[in-house]
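# Structural overview for review
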Amino acid sequence: MRIISTESAPAAIGPYSQGIITGGLLFASGQIPLSPESGEIVGSDITEQSEQVMRNIGEVLKAAGCDYTNVVKSTCFLSAMSDFAAFNEVYARYFTGKPARSCVAAAALPRGVLVEVEVIAEIAKKSGGSGE
């Protein structure tokens, strides 16, 4: 098992890791629209916040040695399902491989944000390696 930590994505705001690699898979914690530099919320609408979430996910994936094409499952949390279409427009630009997905409305998200996304990604195996 290997803990993933990168300064290019927001630090965890609780007692958890940005991600864990085990059994050839990355289990990435949910990302919310925080600036990695300031820790402040980026954006006031679903489109702006979703863009920041995707940038944060991309940095965690990069730190684990993979990218969006390695994602096999995402779980998306929206504070309002009325944002579903606008969220999907942003999501579709990043998740071009169309991984399995769940998307649900949450009564409340950390720090009052509009969106949170977590992913599971397959880590590319190195020649002769086991992918962790």
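Residues numbered from 1 in each chain as written. Predicted model: local features only at pLDDT ≥ 70, side-chain atom pairs only at ≥ 80, totals over all residues. Heavy atoms only, no water.

## Let's talk about helix H2 (residues 84–94)
Heads up, the condition is: For each residue, the accessible area found with a 1.4 Å probe, counting protein chains only, is set against the maximum for its type, and the residue is called buried under 20%, exposed over 50%, and partly exposed in between. To qualify as a helix, a DSSP run of H or I must reach at least 4 residues; to qualify as a strand, a run of E must reach at least 2; elements of each kind are numbered from the N terminus. Working definition: the arc comes from the directions between the helix axis and the C-beta atoms, pointing outward to the latter. Residue contacts are counted whenever heavy atoms from the two residues lie within 4.5 Å of one another.
Of all the positions in H2, only Phe87, Val90 and Tyr91 are classed as buried. The arc that holds every buried residue of H2, seen down its axis, measures 100°, which confines them to one face. In H2, those exposed residues whose orientation departs by more than 90 degrees from the buried face are Ala85 and Glu89. Packing partners of the buried residues in H2 comprise helix H1 (46–63), strand S4 (71–78), strand S5 (100–105) and strand S6 (115–122).

## A look at the sheet that holds strand S3 (residues 25–31)
For the record, the criterion: When DSSP locates at least two bridges between a pair of strands, those strands are taken to pair. Axis definition: a line fitted to C-alpha atoms, limited for helices to the stretch in contact. Angles are taken between N-to-C directions and run from 0 to 180 degrees.
The 6 strands lie next to each other as S1-S2-S3-S6-S4-S5, forming an open sheet whose pairing is mixed. The sheet terminates laterally at strand S1 (2–4) and S5, the two strands that pair on one side only. Neighbour-to-neighbour, the strand axes of this sheet turn through a mean angle of 15°, independent of strand direction. Strand direction decides the pairing type here: S1 and strand S2 (residues 19–22), joined by 3 bridges, are antiparallel.

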